[in-house]
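# Fold and geometry: a report
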Amino acid sequence: MKKYKIRLVGLGIEATAIVPFENEPTVTDIENKTAEYLNHNLMKIEDDGNFYDPNRYTLTYEELTAWITNNS
């Protein structure tokens, strides 16, 4: 199992979550899981009034499992 840190910035919010995946996720998998986590209030959501356009967002993700394994 791999864990990814997902960060969504835009639309007036900043949301983060640690999300597990059984296999290597595709971009569509990341987007769908982010939408699911947002719908079920599983992401940490903060107000972000500094984003330049309230109608756009940026979605980033990074694998955490490899970093933990390599730095233990």
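Please read all numbers here as calculations on a predicted model, not as lab measurements.

Procedures and definitions
- Sequence order as written defines the numbering, with residues in each chain counted from 1.
- Note on the predicted model: pLDDT of at least 70 is required for a residue's local features to be given, and 80 or more for side-chain atom pairs to be given and counted; whole-chain, interface and lining totals, by contrast, use all residues.
- Only hydrogens and water are set aside; all other atoms, that is, all heavy atoms of the structure, feed into the side-chain values.
- We treat two strands as partners when DSSP finds at least two bridges between them.
- Only DSSP runs of H or I covering at least 4 residues are called helices, and only runs of E covering at least 2 are called strands; the numbering of each starts at the N terminus.
- Angles run from 0 to 180 degrees between N-to-C directions of axes, and those axes are lines fitted to C-alpha atoms, restricted for helices to the stretch in contact.
- Confidence per residue, as judged by the predictor, is encoded in pLDDT with a range of 0 to 100.
- To qualify as a nonpolar core, a set must consist of buried Ala, Val, Leu, Ile, Met, Phe, Trp, Tyr and Cys residues joined through side-chain atoms within 4.5 Å.
- A simple rule labels every residue: compare its accessible area, found with a 1.4 Å probe on the protein chains alone, to the largest value its type can have, and call it buried under 20%, exposed over 50%, or partly exposed in between.
- Every residue pair with non-hydrogen atoms within 4.5 Å of one another is taken to be in contact.
- Think of a salt bridge as a Lys or Arg side-chain nitrogen and an Asp or Glu carboxyl oxygen that are within 4 Å of each other.

The subject of this paragraph is the sheet that holds strand S2 (residues 13-21). Strand order in the open sheet formed by 4 strands is S3-S2-S1-S4, and the pairing between neighbours is antiparallel. Bordering the open sheet on either side are strand S3 (44-47) and strand S4 (57-63), each of which pairs with just one other strand. The sheet shows a mean angle of 15° between the axes of neighbouring strands, taken without regard to direction. Note that strand S1 (residues 2-10) and S4 share 7 bridges and pair antiparallel. Within S4, the position partnered with Leu-8 by the bridge is Leu-59.

On average, residues of the protein score 87 in pLDDT, and 86% of them reach the 70 mark or higher. Looking at the elements of the protein, mean pLDDT is at its lowest for helix H2 (residues 65-70), recorded as 57, and at its highest for helix H1 (residues 27-39), recorded as 95.

Here we take up the nonpolar core. In this structure, Tyr-4, Ile-6, Leu-8, Ala-15, Ala-17, Val-19, Phe-21, Ile-30, Tyr-37 and Met-43 together form the largest nonpolar core, which totals 10 residues. Of all the secondary structure elements, the ones that give two or more residues to this core are S1, S2 and H1. No other element matches the 4 residues that S2 contributes to this core. Sequence-distant contacts of Ile-30, defined by excluding residues within four places in its chain, comprise Ile-6, Phe-21, Pro-25, Leu-59 and Tyr-61.

All chains considered together, the criterion is met by 3 salt bridges. Ionic pairing is found between Lys-2 and Glu-24, a salt bridge with its closest N-O pair at 2.6 Å. Of this pair, Lys-2 sits in strand S1 while Glu-24 sits in the loop between S2 and H1, and the two are 22 residues apart along the sequence. One salt bridge in this structure joins Glu-46 and Lys-44, with 3.2 Å as the shortest N-O distance. In this structure Lys-44 comes out as exposed when scored by relative accessible area, which is 53%.

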